[in-house]
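# Survey of secondary and tertiary structure
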Amino acid sequence: MSQAAPRFRWDVLSIFAITGVTGLLVTPWYGLTHGFSGWLWMMFVVMLLWNGLSITAGYHRLWAHRAYAAHRIIRWIFALGGALAVQNSAWVWCSNHRRHHRFVDDDAQDPYSAGKGLVFSHIGWMLRDHPASKLDEGNIPDLMADPILAWQHQHYWAASFSLNVILTLALGALAGDAIGGLLLLGFTRLALCHHTTFFINSLAHFWGTQPYSDRNSARDNGIVALLTYGEGFHNFHHTFAWDYRNGLKWYQFDPTKWLIQSLALAGLASRLKTAAPEKIELCRLAMQRKHLVRSVSLLPRIDAEVWRSRIEEEYAQLNACLHEWARLRQQWLALRKGQLQQRWEETELRARMRELEEHLAFHKHQWRFFTAQFA
Ligand SMILES: [Zn+2]
Ligand SMILES: [Zn+2]
């Protein structure tokens, strides 16, 4: 017996349709015929950043994943920015997102499962009352205890309306162009922010590489990162979800990470969580080994066996080296905590670690030879 489809959300569709058509068609027409002042363009950038970063640094990394702690003032700025973003309250958003990570790619339980297609994971999941996207208070007890988020949940639509309509009209009026303010700062900013954020659920699960894990559909993609304040490094994120970074390398575009680091420098963020470097490296190596084994299996049988055994041998040595390095590092960190005690032991440990690091560099060099050979 087929089940009736969940209720269609005409109200949600109307919000997307009205903001999309107005923001992407009416605003350009208004701009061409009336022009926008420098003040409005400046406010447009400010509101774009406030909206986007409140979702990525606030809803996502701070609240959904607890990847760091933030000062009260910052939490208020993110809570208001979340209302500006019109992506539901932090409670609802984070409840869905925690379920997404827990049941990733499970069509019945992941609210925006990539298995149901690109359009579904981008926007379709919000257009019906699917059971998987119902607020589950059981998976956000920590957020329900936060009075700022309780206030935001309770006054969500009033705050959203005030920020998206009244504030944008007022900012426009300051430059003598209230309608221009509503169009550019309200509709266009909202339409752009909606779809770029939605790319994290859609494109970031379809397009890109899987350097850390292939246990789910999440991908790393530098172009998606450019559009999503750094959230395009989604393969890393799904592998180490509690890490405050998504772009691990310094050159990877991750302004959300840069914001969190800047807040920490200013004393407004603390307890920034990072995954252990050896764990990241082990995941990366395991994926490279998988690709190498697959590539050599295409060679003639005799060659394939020779290469395969060389790769497995080098992989085992590199793995053992990394595990030993991690063990020594743990010891060293524990000794450093004890400060003055057993100083000589610490020095000796450092020397052993350096020796091991040389071994590690040698094995990494060997490994690069294989990956270059079969790239
Ligand atoms: Zn995801
Ligand atoms: Zn996440």
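On a predicted model such as this, the values are computed, not experimentally measured, just so you know.

Moving on, we get to the overall build of the chain. Counting its regular elements, the chain contains 15 helices and two strands. Of all intrachain contacts in the chain linking residues separated by at least 6 positions in sequence, the fraction that spans at least 24 positions is 65%.

The backbone of Asp105 sits at a positive phi, close to 75°, despite the residue not being glycine. Residue position: Asp105 is located in the loop between helix 4 (90-102) and helix 5 (118-122). Asp105 gets classed as partly exposed once you count the C-beta atoms within 10 Å, which come to 17. Despite not being glycine, Arg271 shows a phi value in the positive range, around 50°. Counting through the fold element by element, Arg271 comes out in the loop between strand 2 (269-270) and helix 13 (277-296). Overall, the presence of 11 C-beta atoms within 10 Å leaves Arg271 in the exposed class.

Time to look at the domain arrangement of the chain. For the chain, the assigned domains read domain 1 (10-231 + 240-270) and domain 2 (277-373). The C-alpha centroid of domain 2 is placed 38 Å from the C-alpha centroid of domain 1. The partner domain 2 presents four residues to the seven residues of domain 1 that form the contact. Taken together, the residues of the side of domain 1 that touches domain 2 sort by class into four nonpolar, two polar and one charged.

Most often, soluble globular proteins have nonpolar side chains that are buried together. If you look at the biggest cluster of nonpolar residues, it comprises 44 residues, and the most contacted ones within it are Tyr59, Leu62, Trp63, Tyr68, Ala90, Cys94 and Leu143. Of the residues forming this core, the biggest block, ten residues, is contributed by helix 2 (residues 38-64). Ignoring anything within four residues of it in the chain, the contact list for Leu62 reads Ala57, Ala67, Tyr68, Ala70 and Phe78. Within the second largest apolar cluster, 15 residues are counted, among which are Tyr212, Phe240, Ala241 and Leu248.

All right, on to helix 12 (residues 255-265) then. Residues of helix 12 that are buried: Pro255, Thr256, Lys257, Leu259 and Ile260. Buried residues belonging to helix 12 abut helix 2 and strand 2. Just past helix 12, the residue Gly267 takes up positive phi, approximately 80°.

Attention now goes to the environment of Val45. Assignment of secondary structure puts Val45 in helix 2. Residue classification places Val45 among the exposed positions, given that 10 C-beta atoms sit within 10 Å. A C-alpha to C-alpha distance of 32 Å links Val45 and Ile140, two positions 95 residues apart in sequence.

Rules behind the numbers
Residues numbered from 1 in each chain as written. Chains lettered and ligands numbered in written order. Predicted model: local features only at pLDDT ≥ 70, side-chain atom pairs only at ≥ 80, totals over all residues. Helix = DSSP H or I, 4+ residues; strand = E, 2+ residues; numbered from the N terminus. Contact = placed C-beta atoms within 7 Å. Buried ≥ 20, exposed ≤ 12 C-beta atoms within 10 Å, placed from the backbone. Domains from an automatic or database assignment. Nonpolar A, V, L, I, M, F, W, Y, C, P; charged D, E, K, R; others polar. Core = buried A, V, L, I, M, F, W, Y, C linked by C-beta atoms within 7 Å.

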